[in-house]
Amino acid sequence: MQDSFSYFFNQLISGISLGFVYGLIAIGYTMVYGIVGMINFAHGEIFMIGAFVALIAFFIMDAIGIGWVPVAIVAMLLLSMVINAAYGWTLERVAYRPLRGSTRLAPLITAIGMSIFLQNYVQLLQGARPRPLRPLIPGGIELWTVKTPDNTDYTVQISYMELMIIVITVVLMAAFTYVITRTPLGRAQRACEQDQKMAALLGINVNGTIAATFVLAAVLAAVAGLIYTLRYGSIDFFIGFLAGVKAFTAAVLGGIGSLPGAMLGGVLIGLIETFFAGYAERGSEYKDVAVFMVLVVVLIFRPTGLLGKPDIEKV
Amino acid sequence: MSRPLLEVEHLTIRFGGLVAVNDVSFAAQDRQITAVIGPNGAGKTTVFNCLTGFYKPTVGRMRLLHAATGREFLLERMEGFRIAAEAHVARTFQNIRLFPKMTVLENLIVAQHNTLMRASGYTVLGLFGYRGYKRAEAAAIDRAKYWLDRTGLTERADDAAEGLPYGGQRRLEIARAMCTEPVMLCLDEPAAGLNPRESEELNALLRFIRDEHEIGVLLIEHDMSVVMEISDHIIVLDYGKKIADGTPAEIRNDPAVIRAYLGEPEEAA
């Protein structure tokens, strides 16, 4: 048995980096919900497409002989962000905008339809088998070494991969927070969230702002997709489903509509999942159950989520 | 007389079988306060909703002229947000519609969205600290401060808009509308719920806007002390039809108007 703190530490880092992936996707759910009041169930698929584009980008870089990892990763990041932005924009334009102003159920149904469509589309183009990627970032920073009872050394380390995930996410979140709080686009988004008609009366292009929101959500999902590809080294057309549902859970757990809530929810879900898998008996088989159990409990005691504010009826 | 700022011709709005506005024509001038009055349900707000793109008129034309550039806009053909962004028509609401969760200052900055959006290269350049954007942002804040000062809200600039008292919210709505740099400002019952002192301040503010900023103000109001005191021109609607059009003195003595207001001259006066 390893030193219990070292084991805990490994789980913690791994839980946080997984949580960041969920958090990045969850922000997309929560942001779109905030501005148009619908759950974009195809968002998990946008994430999955981001993962595929990242993979394809790597193969292209490899094929043209640019195998140097930092360059390859930057290229993967940029390409998946750009392509995903296009997917996000198209999704909104084709599937949601025509239905704006119709019943609340209609965009929900097209969202599910788009989700199924995108899964099958990727399955057709990329095949149903998982696509592997060799580990691009081996090694890590060795922190300390402990003796295991059978007298071998066990080294606790933060892998460079996890470090990179944490750095990318933190930088991205800082940039994103800046966009929302300080830029004209962010202000327009918050204005549309609070009163779309009034925003239009001040000359804000509401449709354009909503489209920009979908694009931002898709870009964050692309980053999550890239991270997922690097972390797991294998992706298939179906990864968007479970990751999407968990990220949605994270958004609800943190309080849907709240951006810090989405990130908090994501990290909590990541930690719960990792710790349950790491500590509970047969935990890794039931880790998803643990995640959704926590959601149920939170919703019973705090229906608006952890950071969500209750809707106060206007008088 | 120069060509009017706004010409409304044969405006008719039907909702199914209901004719909310029936063949109404009027004009509003630059540098004048034009009041639209009439009993409840006369169609005043419907006219406003048409002017600002909420409704499309069934029949009619609404022509807005930018005197400075000579550009003409046919409002009935424009998408809602373009009426504000390009034709520069601003409005306020009977029931206040601020962005309650934003600060007072942010409410005024967001009203300058289009200027800032262009200056920041649609946000992208702004992210890289582009100088033109910094300047535009500083100018936007200056304009906001100017209106905060005018409306006596400077002290509350960083409070959430929902925290303002009622009168403050009303003034903020007008300040926000002015931050869009309108050529025509449409005010839907700005004096509703104000006490006499606040209503006096409102009169002063509206006169200031007309005289110093030289724009046209279109005003729906029930409070006759406001209407008679500050209007240059009054249009009276009743059951969707225009029944009178003239100066306050003419309207005061118009028999049709007196009849519409329940035959009580005191009401109209």
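Calculation rules
Residues numbered from 1 in each chain as written. Chains lettered and ligands numbered in written order. Predicted model: local features only at pLDDT ≥ 70, side-chain atom pairs only at ≥ 80, totals over all residues. Heavy atoms only, no water. Helix = DSSP H or I, 4+ residues; strand = E, 2+ residues; numbered from the N terminus. Rg over C-alpha atoms; globule rule 2.2 N^0.38 Å. Buried < 20%, exposed > 50% of the residue type's maximum accessible area, 1.4 Å probe, protein only. Contact = heavy atoms within 4.5 Å. Areas by Shrake-Rupley, 256 points an atom, 1.4 Å probe, with all protein chains shown as cover. Lys, Arg positive; Asp, Glu negative; His and termini not counted. Charge placed at Lys NZ, Arg CZ, Asp CG, Glu CD. Core = buried A, V, L, I, M, F, W, Y, C linked by side-chain atoms within 4.5 Å. Patch = residues over 30% accessible without salt bridge, like charges linked within 9 Å, V, L, I, M, F, W, Y side chains within 5 Å. Salt bridge = Lys/Arg side-chain N within 4 Å of Asp/Glu carboxyl O. Pairing = 2+ DSSP bridges. Axes fitted to C-alpha atoms, helices over the stretch in contact; angles between N-to-C directions. Buried area = accessible area lost by both parts, 1.4 Å probe. Nonpolar A, V, L, I, M, F, W, Y, C, P; charged D, E, K, R; others polar. Parallel < 35°, antiparallel > 145°, perpendicular 65-115°, else oblique. Phe/Tyr/Trp six-rings, centres within 6.5 Å; stacked < 30°, edge-to-face > 60°. Lys NZ or Arg CZ within 6 Å of the ring centre and 35° of its normal.

Engineer: Lay out the overall build of chain A with the relevant residues and their values.
Structural biologist: The secondary structure content of chain A amounts to eleven helices and four strands. Here the C-alpha radius of gyration of chain A, 20 Å, is about what a compact globule of 315 residues would show, namely 20 Å. Principal-axis analysis of the C-alpha atoms places the extent of chain A at approximately 70 × 55 × 35 Å. The proportion of buried residues among the 315 residues of chain A is 51%. In chain A, 74% of the contacts between residues at least 6 apart in sequence involve partners at least 24 apart. Working note: accessible area of chain A is about 14,400 Å², and carbon and sulfur atoms make up 68% of it. Here chain A holds 19 positive side-chain charges and 17 negative ones, and the gap between their average locations is 12 Å.

Engineer: Would you mind going over the nonpolar core in detail, with residue names and values included?
Structural biologist: One finds A:Phe47, A:Met76, A:Leu230, B:Ile37 and B:Ile209 to be the most contacted residues of the largest nonpolar core, which totals 149 residues. Per element, the largest residue contribution to this core is 16 residues, and it comes from helix H8 (residues 206-232) of chain A. Apart from the residues within four sequence positions on either side, B:Ile37 is in contact with B:Lys44, B:Glu221, B:Met224, B:Val227, B:Ile234, B:Ile235, B:Val236, B:Leu237, B:Ile251 and B:Tyr261. Core analysis: the second largest hydrophobic core is formed by 30 residues, B:Leu6, B:Val24, B:Met62 and B:Leu64 among them.

Engineer: Tell me about a nonpolar patch on the surface, residues and numbers included.
Structural biologist: Residue and element names in this part refer to chain A. Where nonpolar side chains cluster on the molecular surface, the patch consists of Ile-56, Ile-60, Ile-64, Ile-66, Trp-68, Val-71, Leu-79, Val-82 and Ile-83 and spans about 790 Å² of accessible area. For the nonpolar patch, the elements supplying multiple residues, two or more each, are helix H2 (43-63) and helix H3 (69-96). Per-element tally for the nonpolar patch: the top contributor is H3, with four residues. Relative to the helices and strands, Val-71 is located in helix H3.

Engineer: Any chance you could break down the sheet that holds strand E10 (residues 241-246) of chain B for me, citing the residues and the numbers?
Structural biologist: All names here are of chain B. Pairing is mixed across the open sheet formed by six strands, whose spatial order is E6-E7-E8-E3-E9-E10. Edge positions in the sheet fall to strand E6 (89-91) and E10, since each of these pairs with one other strand and no more. Geometrically, the sheet is characterised by an average inter-axis angle of 20 degrees between neighbouring strands, direction not taken into account. By the bridge criterion, five bridges tie strand E9 (residues 233-238) to E10 in an arrangement that is antiparallel. Residue pairing in the sheet places Ile-235 in a bridge with Asp-245 of E10. Contacts from helix H8 (residues 196-213) reach strand E3 (33-37), strand E7 (184-188) and strand E8 (216-220), with the element oriented near 130 degrees to E3.

Engineer: Before we move on, can you summarise the interface of chain B and chain A with the specific residues and values?
Structural biologist: The partner chain A presents 22 residues to the 29 residues of chain B that form the contact. Between chain B and chain A the total buried area reaches about 2,300 Å² when both faces are included, carbon and sulfur atoms providing 67% of it. At the junction of chain B and chain A, the tally comes to two salt bridges. Across the salt bridge formed by B:Glu106 and A:Arg190, the nearest N and O atoms sit 2.8 Å from each other. Breaking the side of chain B that touches chain A down by element, the ones donating at least two residues are helix H2 (80-85), E6, helix H3 (104-110), helix H4 (113-119) and helix H6 (131-150) of chain B. Its residues assigned to classes, the side of chain B that touches chain A comprises 16 nonpolar, seven polar and six charged.

Engineer: Tell me about the packing of helix H7 (residues 166-179) of chain B against H8(B), and please be specific about residues and values.
Structural biologist: Residue and element names in this part refer to chain B. Here H7 crosses H8 at 10 degrees, and the two axes come no closer than 11 Å. With respect to H8, the element H7 is oriented roughly parallel. Residues Gly-167, Arg-171, Ile-174 and Met-178 of H7 touch H8, and the partners they reach there are Glu-198, Glu-201, Leu-202, Leu-205, Ile-209 and His-213. In the contact of H7 with H8, the residues fall into five nonpolar, two polar and three charged.

Engineer: Pulling in residues and values, what's your account of the packing of helix H6 (residues 184-194) of chain A against H8(A)?
Structural biologist: Between two packed helices, the angle of one axis relative to the other and the distance separating the axes together describe the packing. Residue and element names in this part refer to chain A. One can describe the packing of H6 onto H8 by two numbers: an axis separation of 10 Å at closest approach and a directional angle of 110 degrees. Taken together, H6 and H8 sit at an angle that is classed as roughly perpendicular. Here Leu-185, Ala-188, Gln-189 and Cys-192 of H6 come into contact with H8, specifically with Val-206, Thr-209, Ala-212, Thr-213 and Leu-216. Residue composition of the contact of H6 with H8, grouped by class: six nonpolar, three polar and no charged.

Engineer: I'd like a description of the pairing of E9(B), backed by residues and values.
Structural biologist: All names here are of chain B. Counted residue by residue, E9 has six buried out of six residues, so it is predominantly covered. Of the two faces of E9, the one carrying His-233, Ile-235 and Leu-237 and the one carrying Ile-234, Val-236 and Asp-238 are both buried. When E3 meets E9, the two strands line up parallel, connected through four bridges. Counted as the bridge partner of Ile-37 is Val-236 from E9.

Engineer: I'd like to hear about the pattern of salt bridges, residue by residue, with values.
Structural biologist: Residues and elements named next belong to chain B. Counted according to the given criterion, the structure contains 22 salt bridges over all chains. Notably, a salt bridge pairs Arg-156 with Asp-159, separated by 2.6 Å at the nearest N-O pair. For Asp-159, a relative accessible area of 31% puts it in the partly exposed group. Linking Glu-173 and Arg-176 is a salt bridge whose minimum nitrogen-to-oxygen distance equals 4.0 Å.

Engineer: How would you summarise the side chain of B:Thr151 if you had to cite specific residues and measurements?
Structural biologist: Structurally, B:Thr151 is set in the loop between H6 and H7. Beyond its immediate sequence surroundings of up to four residues, B:Thr151 is in contact with B:Arg171, B:Ala175 and B:Leu205.

Engineer: Talk me through the packing of aromatic side chains; I want residue IDs and the actual numbers.
Structural biologist: What characterises a pair of aromatic rings is the spacing of the ring centres plus the angle enclosed by the ring planes. As enumerated under the stated definition, the model contains 19 aromatic pairs over all chains in all. Their ring planes at 90 degrees and their centres at 5.4 Å tell us that A:Phe47 and A:Tyr228 sit as a pair that is edge-to-face. In this pair, A:Phe47 is assigned in helix H2 and A:Tyr228 in helix H8, connecting sequence segments 181 residues apart. Taking relative accessible area as the criterion, A:Phe47 reaches 0% and is therefore assigned buried. Arranged with centres 6.0 Å apart and planes meeting at 35 degrees, the rings of B:Phe54 and B:Phe93 form a pair that is tilted. Note that B:Phe54 is positioned in the loop between helix H1 (44-51) and strand E4 (59-65) and B:Phe93 in the loop between E6 and H3, a separation of 39 residues in sequence. The rings of A:Phe5, A:Tyr7, A:Phe8, A:Phe9, A:Phe275 and A:Tyr279 are connected pair by pair, giving a single aromatic cluster. A cation sits over an aromatic face here: B:Arg97 above B:Phe93, 4.9 Å from the ring centre. Its end group placed over the ring of B:Phe99, B:Arg176 keeps NZ or CZ at 5.1 Å from the ring centre.

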